[in-house]
Amino acid sequence: AITADTKKGFQYYYCTNGKSICTDQRKYMRSEVVDELLSTLFQELEINEEIIEISAEAYRQKNADKNIYTDNAKKQLLDELESLSVKESTLVDGFTSQLIKKPLFEEKMKQIENNRVTINNQLRELDKKCAVSESTFEQIKNVFKQGNTASNEYITATDEAKRKLLE
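Residues numbered from 1 in each chain as written. Predicted model: local features only at pLDDT ≥ 70, side-chain atom pairs only at ≥ 80, totals over all residues. Heavy atoms only, no water.

*Asks:* Tell me what's going on with the packing of aromatic side chains, and back it up with residues and numbers.
*Replies:* Applying the stated rule across the entire model yields two aromatic pairs. Ring plane angle 50° and centroid distance 5.5 Å describe the contact between phenylalanine 42 and tyrosine 154, whose orientation is recorded as tilted. Taken as a pair, phenylalanine 42 in helix α1 (residues 31-43) and tyrosine 154 in helix α4 (residues 134-156) lie far apart in primary sequence, 112 residues in all. The residues phenylalanine 42 and tyrosine 154 share a single accessibility class, namely buried. Between phenylalanine 95 and phenylalanine 105, the aromatic rings sit 4.2 Å apart at their centres with planes inclined by 15°, giving stacked as the arrangement. Taken together, the residues phenylalanine 95 in helix α2 (residues 49-96) and phenylalanine 105 in helix α3 (residues 102-129) connect sequence positions ten residues apart. Using a relative accessible area of 28% as the deciding quantity, one classes phenylalanine 95 as partly exposed. The ring of phenylalanine 10 has arginine 30 lying over it, and the distance from NZ or CZ to the ring centre is 3.7 Å. Positioned over the ring face of tyrosine 154 is lysine 162, at 5.4 Å from the centre of the ring. (Phe/Tyr/Trp six-rings, centres within 6.5 Å; stacked < 30°, edge-to-face > 60°. Helix = DSSP H or I, 4+ residues; strand = E, 2+ residues; numbered from the N terminus. Buried < 20%, exposed > 50% of the residue type's maximum accessible area, 1.4 Å probe, protein only. Lys NZ or Arg CZ within 6 Å of the ring centre and 35° of its normal.)

*Asks:* Outline the nonpolar core, listing residues and values.
*Replies:* With eleven residues, the main nonpolar core is built from Ala73, Leu77, Leu81, Leu84, Leu91, Ile100, Phe105, Ile112, Ile119, Leu123 and Leu126. For this core, the secondary structure elements donating two or more residues are α2 and α3. Non-local contacts of leucine 123, meaning those with residues more than four positions away in its chain, are made with Lys74, Leu77, Leu78 and Leu81. Formed by six residues, the second largest nonpolar core is a distinct cluster that contains Leu38, Ala150, Tyr154 and Leu165. (Core = buried A, V, L, I, M, F, W, Y, C linked by side-chain atoms within 4.5 Å. Contact = heavy atoms within 4.5 Å.)

*Asks:* Mind laying out the pairing of strand β1 (residues 2-7), listing which residues take part and the relevant values?
*Replies:* Strand direction decides the pairing type here: β1 and strand β2 (residues 10-15), joined by six bridges, are antiparallel. Residue pairing across strands places threonine 3 opposite tyrosine 14, the latter belonging to β2. In textbook terms, the turn of a hairpin is the stretch between consecutive antiparallel strands, and for β1 and β2 this stretch comprises two residues, one of which, lysine 8, has a positive phi near 50°. (Pairing = 2+ DSSP bridges.)

Have a look at this one:
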């Protein structure tokens, strides 16, 4: 862990030796030196814009295939739910017209409800595994693009903005 102190109007950073393994404890480094080191590290994050765009398009295509599968699976589960409603209605009609005895009616209704709960759980799981939304995808893409400008941004940023860039 690194911490900062202000001495004689300048900001200095040093290791806190939180894990008691640092041999450079209390060796101070001025903020300008730390900023230059971090700026150099940010330069290593630079990725060619064309590669970012090609990767984004490939991901979109992969995601489109996943969406087709997800949509088909969801449609099938919704059809099964509709089928359960029809079965339930038929069962109630049979019970009210006294064609089905109460114990059998209750058992079948319980089975239908259990199936309904299972299908609803499957729908929720499918939604969780669903493809990344377009806005989330754009945010991820912007993180890669930000890596290309992070070095210059970091040098000119305020302390708070530097902290956010590092995060």
